[in-house]
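Residue-level listing of the chains:
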Amino acid sequence: MRRPVIAGNWKMYKTIDEAVSTVADLVRLVDGVDDREILIAPTFVGLQAVANAARGTNVLVAAQDCAPHPGQGAFTGEVSAEMIADTGATHVIVGHSERRQYFHETDASVNQKIRACLGAGLTPIVCVGELLSDRDSGAAEGVAGRQIRGAFEGLTGAEVVRTIVAYEPVWAIGTGRTATPEIAQQMHRLIRETIANLVGSDVSEAIRILYGGSVKAENVSELMQEPDVDGGLVGGASLDALSFSRIVRYE
Ligand code: PEP
């Protein structure tokens, strides 16, 4: 049985004070929820303060990105996976479509970042997903499959199983246009089959695959009913503690 994960991505929103106050509200609102993992990803500057505020609770903390290089070094502006782990954060979002689109993230750099996270004992949340033009031209499955193969290239099954995948169709992110449960299921199944071909079905059946793209309290339950949907990566609707807690508490 795969343990569900509901993760919130705060992107470039919230001051440190706002982040701490929102996570304190969230901790109170999701108190006692212990049959699923709850994650929140603040900005780098808020990471330490949010990790401190969430310490000892059922809310885990993620970074939104990390350097492809491990440890320390002359890489101005970068934050390594070890530095993220040092804050008390446990997860890192890797390869988000906004990073692919605006910051030249490639499958090769995603692969390096996954390796950096695993080396630091962190869980990477590996994002894949097609553009609207890919979907319209019938290329959605090919794109997601290529991104998965690129992300996991050269990794062992023991490494891949320590990651989480997020399928996030770019046309559904921040648009209010959620993928239908049928599309989500079809793409999650394809991703699972791709992982099975890479590293075997033990891994593909154990790995959690989250859906992301305009998830809200109103649509989370129907998505979660699909057999290969193991959770959600939530952007806009995670910014408000009450709204996010209603998603976390889906039935
Ligand atoms: C995201 O940023 O990963 C995301 C899914 O955003 P939204 O929920 O706002 O579509």
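Scroll up to find the structure this text is about.
Scope of this entry: the structure provided in the associated data block. (Residues numbered from 1 in each chain as written. Predicted model: local features only at pLDDT ≥ 70, side-chain atom pairs only at ≥ 80, totals over all residues. Heavy atoms only, no water.)

To continue, consider the pattern of salt bridges. Within this structure, the stated rule accounts for 19 salt bridges. With a closest N to O distance of 3.2 Å, Asp 25 and Arg 28 form a salt bridge. Placement of both Asp 25 and Arg 28 in helix H1 (residues 16–29) is noted, with a separation of three residues, approximately one turn of the helix. Given a relative accessible area of 30%, Asp 25 falls into the partly exposed group. Accessibility expressed as a relative area gives 56% for Arg 28, which makes it exposed. One salt bridge in this structure joins Arg 192 and Asp 228, with 2.6 Å as the shortest N-O distance. (Salt bridge = Lys/Arg side-chain N within 4 Å of Asp/Glu carboxyl O. Helix = DSSP H or I, 4+ residues; strand = E, 2+ residues; numbered from the N terminus. Buried < 20%, exposed > 50% of the residue type's maximum accessible area, 1.4 Å probe, protein only.)

The next point concerns the pairing of strand E1 (residues 5–9). Across the five residues that make up E1, a large majority, five, are buried. The alternating pattern of E1 places Val 5, Ala 7 and Asn 9 on one face and Ile 6 and Gly 8 on the opposite face, and all of these are buried. Of the strand pairs in this sheet, E1 and strand E2 (residues 37–41) are connected by five bridges, and their pairing is parallel. If you follow Val 5 over to E2, its bridge partner there is Glu 37. At this point the chain moves from E1, through H1, to the parallel E2, and the crossover so formed is right-handed. (Pairing = 2+ DSSP bridges. Right-handed = clockwise from strand over helix to strand, strands pointing away.)

The next point concerns the packing of aromatic side chains. On inspection of all chains with the given rule, the structure shows two aromatic pairs. Centre to centre, the rings of Tyr 102 and Phe 103 are 6.4 Å apart; their planes meet at 85°, and the pair counts as edge-to-face. The exposure class of Phe 103 is partly exposed, given its relative accessible area of 48%. Each ring, one from Tyr 167 and one from Tyr 211, has its centre 6.3 Å from the other, and the planes form 55°; the classification is tilted. With Tyr 167 in strand E6 (residues 164–167) and Tyr 211 in strand E7 (residues 208–212), this pair connects stretches of sequence that are 44 residues apart. The same class applies to Tyr 167 and to Tyr 211, which are both buried. Positioned above the aromatic ring of Phe 103 is the side chain of Arg 99, whose terminal nitrogen or guanidinium carbon lies 4.2 Å from the ring centre. (Phe/Tyr/Trp six-rings, centres within 6.5 Å; stacked < 30°, edge-to-face > 60°. Lys NZ or Arg CZ within 6 Å of the ring centre and 35° of its normal.)

Bringing the nonpolar core into the picture now. Ranked by internal contacts, the top residues of the largest apolar core, which has 66 residues, are Ile 40, Val 59, Ile 114, Phe 152, Val 165, Ile 195 and Tyr 211. At six residues, helix H9 (residues 181–199) tops the list of elements feeding residues into this core. Core analysis: the next-biggest nonpolar cluster, separate from the first, contains 12 residues, Ala 7, Ala 62, Ile 125 and Ile 164 among them. (Core = buried A, V, L, I, M, F, W, Y, C linked by side-chain atoms within 4.5 Å.)

A separate point is the site of the ligand. Residues in contact with the ligand amount to 14 residues; listed here are only the nearest, Lys 11, Glu 168, Gly 174, Ser 214 and Gly 235. Backbone polar atom of Ser 214 to an oxygen atom of the ligand: 2.8 Å apart, as the coordinates give it. Contact distances for the ligand include 2.8 Å between an oxygen atom and a backbone N or O atom of Gly 236. Relative to its unbound accessible surface of 290 Å², the ligand loses 95% to contact with the protein. Its residues assigned to classes, the shell around the ligand comprises four nonpolar, eight polar and two charged. (Near = heavy atom within 4 Å. Polar contact = N/O pair within 3.5 Å; in protein donor to acceptor, adjacent residues only side chain to side chain. Areas by Shrake-Rupley, 256 points an atom, 1.4 Å probe, with all protein chains shown as cover. Nonpolar A, V, L, I, M, F, W, Y, C, P; charged D, E, K, R; others polar.)

Despite not being glycine, Lys 14 has its phi angle at roughly 85°, a positive value. In this structure, Lys 14 sits in the loop between E1 and H1. Positive phi outside glycine occurs at His 104, with the angle close to 60°. As for its position among the elements, His 104 is in the loop between helix H4 (97–102) and helix H5 (107–119).

Bringing H5 into the picture now. With 13 residues, H5 should reach 18 Å at 1.5 Å per residue; the first-to-last C-alpha distance of 18 Å fits that figure. Residues of H5 that are buried include every one of Asp 107, Ser 109, Val 110, Asn 111, Lys 113, Ile 114, Ala 116, Cys 117 and Leu 118, and no others. Considering only its buried residues, H5 is in contact with helix H3 (81–87), strand E4 (91–94), H4, strand E5 (123–128), helix H7 (140–151) and helix H8 (157–160). (Expected span 1.5 Å × (residues − 1). Contact = heavy atoms within 4.5 Å.)

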